[in-house]
Amino acid sequence: MKLLNALLIFLLSFSPLSLSNENYIFGWSQIDDQKLKTPRGGSTKGPSVDLDLSPGLAWEKLQEKGINKFEKDRRAILAMLGEYRVYFDFMETMGFTEGYSPSRPYQSWATEFVTLVEDNRDFISLQHILVIFTKKADGSLSKPMVVKHWRQDWKYQNRNLNEYNGFNRWIKKRYPSFEVKGAWSQSVYQVDDSPRYQSFGVWDHQENLSSWRSKDTWRPLPRREFSIRDDYDVLIGTNLKTITPNGWVHEQNNKKVVLDENSEVIQVLAKEIGLARYERIKGHDWSAGKDYWLETSDFWVKVRDYWSNLLKESKTLELAQEKEGLSLFAKLFAMADAFKKGDAGQLEKINSSIDSYRIN
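It should be emphasised that the depicted structure is a prediction, and the values quoted were computed from it without experimental measurement.

### Topic: the layout of surface pockets
Put simply, the second largest pocket is a space of about 640 Å³. Around the second largest pocket, the lining is made up of 23 residues, and of these Phe-123, Asp-153, Tyr-189, Ser-308 and Lys-312 lie nearest the centre. Every element with two or more residues in the lining of the second largest pocket is listed here: strand S3 (106-119), strand S4 (123-132), strand S5 (145-156), strand S6 (160-164), strand S8 (184-189) and helix H6 (287-313). Its residues assigned to classes, the lining of the second largest pocket comprises 6 nonpolar, 9 polar and 8 charged.

### So, the sheet that holds S6
Spatial ordering of the open sheet is given by S6-S7-S15, a layout of 3 strands whose pairing is antiparallel. Since the sheet does not close on itself, it has two edges, and those belong to S6 and strand S15 (316-318), each with one partner. Averaged over all adjacent pairs, the angle separating strand axes in this sheet is 25 degrees, with direction ignored. Where S6 meets strand S7 (residues 169-174), 5 bridges bridge the pair, whose relative direction is antiparallel. Within S7, the residue paired with Glu-163 across the bridge is Ile-171.

### Thoughts on helix H7 (residues 328-340)
Its 13 residues place the ends of H7 18 Å apart at the C-alpha level, agreeing with the 18 Å of an ideal helix rising 1.5 Å per residue. Taken residue by residue, H7 has Leu-328, Phe-329, Ala-330, Leu-332, Phe-333, Met-335, Ala-336 and Phe-339 as its buried positions. Just beyond H7, the residue with positive phi is Gly-342, at close to 115 degrees.

### Considering the nonpolar core
Grouped together as the largest cluster of nonpolar side chains are 66 residues, with contacts concentrated most on Trp-154, Trp-203, Ile-243, Phe-299 and Trp-300. The biggest single contributor to this core is H6, with 9 residues. Beyond its immediate stretch of four places on either side in the chain, Phe-299 contacts Leu-332, Met-335, Ala-336, Phe-339, Gln-346, Leu-347 and Ile-350. Membership of the second largest hydrophobic core comes to 6 residues, among which are Leu-221, Val-258, Leu-269 and Ala-270.

### Remarks on the side chain of Arg-169
Here Arg-169 is to be found in strand S7. For Arg-169, which is buried and forms no salt bridge, the nearest opposite charge comes from Glu-318, at a distance of 4.2 Å. Reaching out from Arg-169, the side chain makes a polar contact with the side chain of Ser-263 at a distance of 2.8 Å. Contacts of Arg-169, omitting those with residues within four sequence positions, involve Glu-163, Tyr-164, Ser-263, Thr-316, Leu-317 and Glu-318.

### Re unusual backbone geometry
Even without being a glycine, Phe-167 presents a positive backbone phi close to 60 degrees. On the basis of relative accessibility, which here comes to 35%, the residue Phe-167 falls in the partly exposed class. The phi dihedral of Asp-193 falls on the positive side, at around 70 degrees, and the residue is not glycine. Taking relative accessible area as the criterion, Asp-193 reaches 0% and is therefore assigned buried.

### Here we look at the confidence of the model for the protein
Summing up the model confidence of the protein, the mean pLDDT is 92 and the portion of residues at 70 or higher is 92%. With pLDDT under 50 throughout, residues 8-21 is counted as low confidence; its partners more than four residues away or in other chains account for 47 contacts.

### Details of the packing of aromatic side chains
This structure, assessed with the given rule, holds 16 aromatic pairs. Ring centres of Tyr-84 and Trp-248 lie 6.5 Å apart, and the angle between their planes is 90 degrees; on these two criteria the pair is classed as edge-to-face. Within this pair, whereas Tyr-84 is found in strand S2 (residues 82-95), its partner Trp-248 is found in strand S13 (residues 247-259), the two being separated by 164 residues in sequence. Of the two residues examined, Tyr-84 and Trp-248, each falls in the buried class. Ring plane angle 40 degrees and centroid distance 6.1 Å describe the contact between Phe-299 and Phe-339, whose orientation is recorded as tilted.

### Overview of empty space enclosed by the protein
In the structure shown here, the tally under the stated rule is 1 cavity of 30 Å³ or more. By volume, the largest cavity amounts to about 50 Å³. Every residue along the wall of the largest cavity is listed here: Arg-40, Phe-90, Met-91, Glu-92, Ser-103, Arg-104, Pro-105, Tyr-106, Arg-224, Glu-225, Lys-256 and Glu-272. Contributions of two or more residues to the lining of the largest cavity are made by S2 and helix H5 (223-226). Looking at the lining of the largest cavity, the element that brings in the most residues is S2, giving 3 residues. Its residues assigned to classes, the lining of the largest cavity shows 4 nonpolar, 1 polar and 7 charged.

### Focus: the pairing of S7
Between S6 and the antiparallel strand that follows it, S7, lie 4 residues; Gly-166 among them carries a positive phi value of about 90 degrees. Here S7 runs beside S15; their pairing, made up of 3 bridges, is antiparallel. Note on S15: the bridge partner recorded for Ile-171 is Thr-316.

### Quick look at the environment of Ala-344
Looking at the secondary structure, you find Ala-344 in the loop between H7 and helix H8 (350-355). Looking at Ala-344, the relative accessible area reads 47%, which means it is partly exposed. Sequence-wise, Ala-344 and Asp-260 are 84 residues apart; in three dimensions their C-alpha atoms are separated by 44 Å.

The rules behind the values
Residues numbered from 1 in each chain as written. Predicted model: local features only at pLDDT ≥ 70, side-chain atom pairs only at ≥ 80, totals over all residues. Heavy atoms only, no water. 1 Å grid on protein atoms, 1.4 Å probe; cavity = no way out; pocket = protein on both sides within 12 Å on 5 of 7 lines; lining within 4 Å. Points joined across faces, edges and corners; volume = space filled by probe spheres on them. Helix = DSSP H or I, 4+ residues; strand = E, 2+ residues; numbered from the N terminus. Nonpolar A, V, L, I, M, F, W, Y, C, P; charged D, E, K, R; others polar. Pairing = 2+ DSSP bridges. Axes fitted to C-alpha atoms, helices over the stretch in contact; angles between N-to-C directions. Expected span 1.5 Å × (residues − 1). Buried < 20%, exposed > 50% of the residue type's maximum accessible area, 1.4 Å probe, protein only. Core = buried A, V, L, I, M, F, W, Y, C linked by side-chain atoms within 4.5 Å. Contact = heavy atoms within 4.5 Å. Lys, Arg positive; Asp, Glu negative; His and termini not counted. Salt bridge = Lys/Arg side-chain N within 4 Å of Asp/Glu carboxyl O. Polar contact = N/O pair within 3.5 Å; in protein donor to acceptor, adjacent residues only side chain to side chain. pLDDT = per-residue confidence, 0-100. Phe/Tyr/Trp six-rings, centres within 6.5 Å; stacked < 30°, edge-to-face > 60°.

Here it is in structure tokens:
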């Protein structure tokens, strides 16, 4: 329970020391509304970091002449590996309902590293791990907070996607080969390795610019939204990943959509833009996160394998948000912690634990 409380505090309240919100007016400068000038995102503060502004080796390899398109795609994906400071910014840009008033913008900040899980030529898996230090009231730093964060899997010319359908339900869709030719699917998984969203798109390489753009993608509400809102059911939007000399940037263009009970669109409430900027840093102490990943990897391998089999076998997968007041991620995190402390028997509980949250 302490682990769960710490994770929720981080997810709901972490914000950077260096952000100044007093004059935040981008996009709504014509409205005199203080809430638009003071983004939500919490009050917890973190230490300053040392940016590594030099072009990285991955960037240099991406610029190499004479490599074929497939290899250039692979190098762009692998360029997302590294150690980063991340800024998250989201803002509603327009509304479509009578009396619409834009919600407060959202800002947050984190430090995380992205490590390689698997590279099998046409399949690449990347795991994000948060390692957060916060400043206490006396100015000293807290112990590191380590959170196994989201995972992204990339597969070349993938015809079988499990697409989000609203209401914590995913439905398998098979695409014709001509539609995914030359494309890579990106599958995003939540902190407990359950599915979040899948989509596909083509990498576009122009001189020193490499970007991947998804097709329209359905996905569940993120915690920054479902923790405060229940007036819409799904985000539908596009994702743009762009590699930079010292990191990468994830841009989003989303619609906030209300569904009926059959997952048909009833209404679009608003549109928002999002920006997650991954900037490489140096000198940060990642040891707690790397130790955690090393000590729990065998546990999370089995979790990933079980989810993978479920998604392959299921035409429809629907999951409960909670069981007896406990979310699946909290349950699996506690099991991983027990495994880390030497309880190998947790491996035998993985399948039944996940199954207990399945609705079908």
